[in-house]
Each structure stands twice: as C-alpha cells, then as structure tokens.
Amino acid sequence: MRPVVTKFNMSNSTKYVFVTGGVASSLGKGIISASLAKLLQARGYSATIQKLDPYINIDPGTLNPYEHGECFVTDDGAETDLDLGHYERFLNVPTSQANNVTTGRIYQSVIEKERRGDFLGKTVQIIPHITDEIKERIQLLGKEKKFDIVITEIGGTVGDIESLPYVEAVRQMMWEFENDCCVIHLTLVPYLAAAGELKTKPTQHSVKQLLELGIQPDVLVCRTEHELDLNLRKKIAKFCNVAVNAVIESRDAETIYDVPMLMLAEELDKVVLEKLGLTAKTTPDLDSWKAFLDRHKHPKSEVNIGLIGKYVELKDSYKSISEAFIHAGAQNECKVNLKWIHSEKLTPENVDDELSGLDGILVAPGFGSRGINGKIDAVRYARENNIPFFGICLGMQCAVIEFARNVLGFEDAHTTEIAEDCKYPVISMMEEQKHIANLGGTMRLGAYKCELKPKSKASMAYNSDVISERHRHRFEFNNDYLEQFEQNGMIATGRNPDTGLVEIVEIPSHPWFVGAQFHPEYKSTVANPHPLFVSFVKASLENKK
Ligand code: GLN
C-alpha cells in the first residue's frame, strides 16, 4: 500500500530561526542572533538562542582561551561558547546546557546509543543518525514550550567540511517544519578601495554554496563598512532569490549594544516574523535598552581600572568581565577605561610604576602558575595603597595567598594547584575532588548558593542575605586557616550554607577589598548590571575623587 506521507509537525507551535554565516568568519553571527532575539522579546515573544559549534571537543571547557576566547558558564554548570554570554546579556534570560552543542557531544551521544544497541543493528551514519541527533538537540529547546521562537546559530562558515552535517540538518528541518522555519544568512559585502565600490559577488557565491546544499536563505544580513544602497540591495536580492526588504544592511557599529537598534531600523525582526507567519503584534518596547545606551554613551565621569590577567593579548578571554564593566559603568554614569595589564610582566620592582594612576584593580580568573606572581604583587599593591580591589576566582585566591604571606607571615603560603607541598596550603582542593583524573567537566561548576554576612560590602552591594552565583574552579579557601585570617582582618563575608566553603573574602578596614570565589561577571546583563561590579566601579570613582 502507498504510505500516507505527511509533514511531521503540523501542530508544532515553536518557530525556528537558523543563522548561518558565509564569506568570512567573525562577522558577528552571535550579536546578530542576540539582537534579533532582543527585538522579538521586545515585541512580546519569548525567544532563546542556541549555538551549534562544529568542533570536536565535547565542550569548550578544556580549550585554551587563546582558541575561542572565554569559556562561559551557565547556571546548570555547562561550560559553553562565549556567545551564550552575549545571549544572556542581551535577553536577561539564563541559558543552559541545551543552548550549546558541539560535534563532540553529538558524536558522543550517538556512539553511546550505538553501544547500548539503540540502533537495532543498523549501520550508523552521518545521515540519518548524526543529523537526527542534531535535529533533536535543536528541538529540545522548542519542546520545553517555554519559547515561541528558538534561534539556532550554526558556528563556522558555510562550506566548511565540519559544518556540513549541521547544514544538512537545517535543510531537513526546513522541509519538515516548512512554515515554522526561517534561515538568515550572514555575509560580507567588502569595499574595494581601488574600485571605490562595494562588491556583492562573495555574497552571491556564498548563497550559491548554500543552495548547492539545499538551502534557500530567506534573509541576508550583509555586513558592510558602507551604506548598502537600494540598487545594491536589488542586485543582491535578484541574484540570491530573496525579497529586497530581506536584504539587511549590517554596518559596523560603535558598540555591540547598538546592533538591536540598527536591526530595528532595518526591520530585521519584521521580515523574520512575516516569514514565520507571526504578526508584529506590538511595537517593540526598548525604552530601558535605549536608556542604557544613553547612559553608556554620555558618561558624566570616568575611571581607570586595571585588569590584571595572563591572556590580555586576547581580550575575548575576559569578555564577560569587560562587558560587566560596560553595564556597571552605565549604571554609575561613568566610563570605565580598562587598562589591560599582563600579569607575567609585573614584578615587585615595577608594580608601583605599572599600577600607579589606577582608580581600581581587578585580578582576573585563571589556571596554572603562569603569571601568578604578578597577580599576587598586584593584590599587595592594591591592599597596601587602599585602592579598590576586586579579585575573581583565581584573583580571590591570590588575595588570600597574598594576605597569608604578607599579613599573617606565612612565607610559604600558596595554592596546592601550584605548590602541592607548600607549608601553608591556604587554597587547596576539596577531598572529594582529589581522585579525579579527567580534566573535562571535573570542576565545581554552575550556580551555588551563598550566604552573606550582614553589613559586609557584598551584602550592601547585593542588598540581600542569600545569593546564587556561578562557579568554575577546583580549588577552595582552606577553612583550617579561617580563624587566623579573620583575627587578622580578612573576613569570610560569603559562605556556602550547605558546605561552609568560603565564597567571598573582604578586608573591612580597606575602602573596598572584595574577592569572590565565584564568577560574578557571568550574571551581569544590560537589564541587571552585576551588583559587585556596580559597587566596585562606584568605589573606584570615590577613590579617584
Ligand atoms: N585555578 C583556580 C581553581 O581551579 C581558579 C579557577 C578560576 O579562576 N576560574 O580553583
């Protein structure tokens, strides 16, 4: 009998938007995705964004920051691509493990299923098994029914061997979810100075490549340094089979936070909603976004803050920290000038010269011994000179080590991460973690509760007694020494209520000295600038005065 063929999802109400990239990498797919989601959210739709990364690592947790920049951490403890940070900062909605999928994870899951016998003796292949797994991951967020629209960003550039299975999965979904899908292709329209012209050919070729893979994009977002005039838009539209109003200009912006406004002016959200069969039901409510932009662009004062880290050549390594300063700066109506200082280049001899003139000092997170001495020297300088100090994760651990060495007189104090046999292991590993051999996913990861000491800097900043913050580390404050620290002026002002682990240390006699074992930067958003960053910038401003 002839089978009855139906499309699979007639009743599915979740809409799927795919964002692919062509011509070149680094065109800003993450920011375009986040901006589109912001506009849809401002029109009353609930949207989330997912990143599919074609590399074979299970997650970016074990990657060196020089590879892809910072590793972002979600509440549920997933180590993810830094684009998820942008999604959260724009939308003010937490992401989770489901929002970031890598090829490694896809294959791991398919191979586990094969070993379990789930495929009933079939030959396991890229199509359908890998593509089915990809489609399942895309729909996971849709199935939660929390979101009207799921935006899926495909990492890499169309034509890469690695991204082929993802593009194929998108092609299949477009067939299965015909009326519920929209594909946005982001391309580059380069300006040839010698010809004095913008060139559309790379875009045409990139779209041809997509067409060869079975995908007709609905919208083209064209990254350009110059205006895309109507003639050029018509030309691109004609060659690429898209409507003229679906050729969107994406000019280089002064700040990433301008991009939603630029996309609104180009009506990207309207074009996408139309394609999805949704109405642009309200005018987007972007008042608070605009107010933030206004504060960000018209600061009334400025401060110089030193960021001491060992990856300062690649600023993406500290993306969430630098963005948190933008949010906190705007909140204080103040421009934060970040001075990036390489911790390997700091010595007791030059620390005065290098750090003088700073209004605040932040010592960054990190792993391993490289640059640790410079970080400890920076802490000492901030502590002794009463300069507002903020230590994050390893930065907090350095503050503890510095205090132990120079105030408690424990000359040999260290973290067991670097000096396993030191006499005073003031930072050490939790017993449970000592036997773990694998490096991937073996840290204290994700959100943990923390109780704050009343009247501490932290509790005043948060205006709360209990908070939840995200972690990513193996080593902890060694509670055997807590009494000695507290008797001498470094106080544990935040502790985990279940384990007693020290999460925040402060020096109350100092104008503003706070070290956090967690990563506050991951939770700072445009709508909710992080209280500790806001308070630190404020203290730096006061110090300047
Ligand atoms: N390396 C330290 C630890 O694992 C700090 C980690 C960090 O700064 N994220 O405990």
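A quick note: this is a predicted structure, and the numbers were derived from the prediction, not measured.

Cut-off values and rules
Along each chain, residues carry numbers from 1 onward, in the same order as the chain's sequence is written. Totals for whole chains, interfaces and linings use all residues, but because this is a predicted model, local features are given only for residues with pLDDT of at least 70 and pairs of side-chain atoms are given and counted only at 80 or more. To get the side-chain values, all heavy atoms of the structure are used, and hydrogens and water are removed first. The nearness test applies per residue and asks whether one of its heavy atoms lies within 4 Å of the molecule or strand. In protein, a polar contact means a hydrogen-donor-capable atom and an acceptor-capable atom, both N or O and within 3.5 Å, with residues adjacent in sequence counting only if both atoms are side-chain atoms; elsewhere, any N or O pair within 3.5 Å suffices. Accessible surface is estimated by sampling points in the Shrake-Rupley manner with a 1.4 Å probe; for residues, cover comes only from the protein chains shown. Numbering of helices and strands runs from the N terminus, with a helix taken as a DSSP run of H or I at least four residues long and a strand as a DSSP run of E at least two residues long. Charged means Asp, Glu, Lys or Arg here, nonpolar means Ala, Val, Leu, Ile, Met, Phe, Trp, Tyr, Cys or Pro, and polar covers whatever is left, Gly included. Buried residues are those whose accessible area, probed at 1.4 Å on protein chains only, stays under 20% of the maximum for their type, while exposed residues exceed 50% and partly exposed ones sit between those limits. Should any heavy atoms of two residues lie within 4.5 Å, those residues are considered in contact.

### So, the site of the ligand
The full set of residues close to the ligand is Pro-365, Gly-366, Phe-367, Cys-393, Leu-394, Gln-397, Glu-417, Arg-472, His-473, Arg-474, Phe-475 and His-519. Separating a nitrogen atom of the ligand from a side-chain N or O atom of Glu-417 is a distance of 2.7 Å. A distance of 3.2 Å separates a nitrogen atom of the ligand from a polar atom in the side chain of His-519. In isolation the ligand offers 300 Å² of accessible surface; the protein chains occlude 100% of this area. Going through the elements one at a time, α15 (394–406) and β19 (466–473) are the ones with two or more residues in the shell around the ligand. Its residues assigned to classes, the shell around the ligand comprises five nonpolar, four polar and three charged.

### Here's the deal with the environment of Lys-199
Examined against the element boundaries, Lys-199 turns out to sit in the loop between β9 (197–198) and α7 (201–212). Given the relative accessible area of 30%, Lys-199 is considered partly exposed. Sequence-distant contacts of Lys-199, defined by excluding residues within four places in its chain, comprise Val-189, Pro-190 and Leu-192. Among the polar contacts made by the side chain of Lys-199, one reaches the side chain of Glu-197 at a distance of 2.8 Å.

### Observations regarding unusual backbone geometry
Of all residues except glycine, most have a negative phi; of all peptide bonds, most are trans. Of note, the bond from Ile-127 into Pro-128 is cis; its omega dihedral lies within 30 degrees of zero at 15 degrees. Here Pro-128 lies in helix α5 (residues 126–143). Positive phi is not limited to glycine here, since Leu-120 has a value of about 50 degrees. Along the chain, Leu-120 turns up in the loop between α4 (103–116) and α5. Overall, the relative accessible area of 76% leaves Leu-120 in the exposed class. One non-glycine residue, Asn-241, lies in the positive phi region at around 55 degrees. Take Asn-241: it is sitting in the loop between α8 (230–240) and β11 (247–251). When its relative accessible area of 48% is taken as the criterion, Asn-241 is described as partly exposed.

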